[in-house]
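One-letter residues, chain by chain:
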Amino acid sequence: MKTSAQRIARTKATGRSLEPGWLSRIAFALIAIGMTASVQATEVALLDQNYVLFNSDAAQDATADLKREFEQEEQQVQTLGQAIQQLQSRARTDADIMTEDELSELENELQQRARQRDQLVRQLQQVQGERRNAFIERYQPMMAQAIEAAVDGQEYDVILDKGAVVYHRNSLDITEAVLEEFNALYQAQ
C-alpha cells in the first residue's frame, strides 16, 4: 500500500492526477452542496391564475352581461332542442304508420333543425371564446397588480402555476390572497 507522500511524489514526477476522477468527484460534491444551499434558500409560492380570473367579481359581471346579451340566442337553442326531441319522438312512435315520403320529410326536417341548432351553438361558442380571450387580455395587467399586492412584504423568489405542481403544502398557495386583491382592484375601478 502506498502512502500519501508516495502518491503525491509520483504525481509530481509524472504530472498525472492522484486518481482518475478524483477531481471530478470533488467538483460534483461542491456543486451538489451549492445546489442544496440554493434550493433551501428559495421561497416558493403557488398560484392558480385561472381560478383567480374566472372566480373573480369581474368574471361574474362579465358572465351576467354575456347571458343578458345572448339570452335570445340561448332561448333559440333550447327551442330547437325541444323541436328536435319532439320530431325524434314522433319518428319513434309513428314510424309504423307513416309512408316513406312522410318519414323522409320528417328525417329532412329533423336534420335541418339539428344543423340550425349546431350552427347556433358553434356561433355562441365562438363568441364565448372570443370574449374569454378579450377578458383575459383586459384583466391580465390587473392580475399582475393583484399578485404584486398579495406578495408585497413577502420574500418569494418564485411563483409557480399551481396546476403544474404535483404536491404542495397549502401554506404555499397564495391564490385566495391574490383573488381578494384582484376583487379589491376591480371594485376600485
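What counts and what doesn't
- Residues numbered from 1 in each chain as written.
- Predicted model: local features only at pLDDT ≥ 70, side-chain atom pairs only at ≥ 80, totals over all residues.
- Heavy atoms only, no water.
- Axes fitted to C-alpha atoms, helices over the stretch in contact; angles between N-to-C directions.
- Helix = DSSP H or I, 4+ residues; strand = E, 2+ residues; numbered from the N terminus.
- Parallel < 35°, antiparallel > 145°, perpendicular 65-115°, else oblique.
- Left-handed = near helix turned anticlockwise from the far one by under 90°.
- Contact = heavy atoms within 4.5 Å.
- Nonpolar A, V, L, I, M, F, W, Y, C, P; charged D, E, K, R; others polar.
- Patch = residues over 30% accessible without salt bridge, like charges linked within 9 Å, V, L, I, M, F, W, Y side chains within 5 Å.
- Areas by Shrake-Rupley, 256 points an atom, 1.4 Å probe, with all protein chains shown as cover.
- Salt bridge = Lys/Arg side-chain N within 4 Å of Asp/Glu carboxyl O.
- Lys, Arg positive; Asp, Glu negative; His and termini not counted.
- Charge placed at Lys NZ, Arg CZ, Asp CG, Glu CD.
- Buried < 20%, exposed > 50% of the residue type's maximum accessible area, 1.4 Å probe, protein only.

(A) Examining the packing of helix 5 (residues 71-94) against helix 6 (residues 100-151) more closely. Contact pair helix 5 / helix 6: the axes reach a minimum separation of 9 Å and the direction vectors enclose 155 degrees. As judged from the angle between their axes, helix 5 and helix 6 are roughly antiparallel. Taken as a pair, helix 5 and helix 6 cross one another with a handedness that is left-handed. Note on element contacts: helix 6 touches helix 5 through Leu106, Glu109, Leu110, Arg113, Ala114, Gln116, Arg117, Leu120, Val121, Leu124 and Gln128, opposite Glu73, Glu74, Gln76, Val77, Leu80, Gly81, Ala83, Ile84, Leu87, Gln88, Arg90 and Ala91. Here the contact of helix 5 with helix 6 is built from residues that sort into twelve nonpolar, five polar and six charged.

(B) Quick peek at a negative patch on the surface. Where like charges cluster on the molecular surface, the negative patch consists of Glu100, Asp101, Glu102 and Glu105. The exposure class of glutamate 102 is partly exposed, given its relative accessible area of 38%.

(C) Quick look at the environment of glycine 81. Position of glycine 81 relative to the elements: it lies in helix 5. Linking glycine 81 and arginine 113, residues 32 residues apart in sequence, is a C-alpha distance of 8.2 Å.

(D) The arrangement of the packing of helix 4 (residues 57-69) against helix 7 (residues 175-188) in detail. It is the contact of helix 4 with helix 7, at a shortest axis distance of 8 Å, that shows an interaxial angle of 60 degrees. Overall, the two elements helix 4 and helix 7 adopt an arrangement that is oblique. Between helix 4, through Asp57, Ala58 and Asp61, and helix 7, the contact on the second element is made entirely by Phe182, Asn183, Tyr186 and Gln187. Looking at the contact of helix 4 with helix 7 residue by residue, the classes come out as three nonpolar, two polar and two charged.

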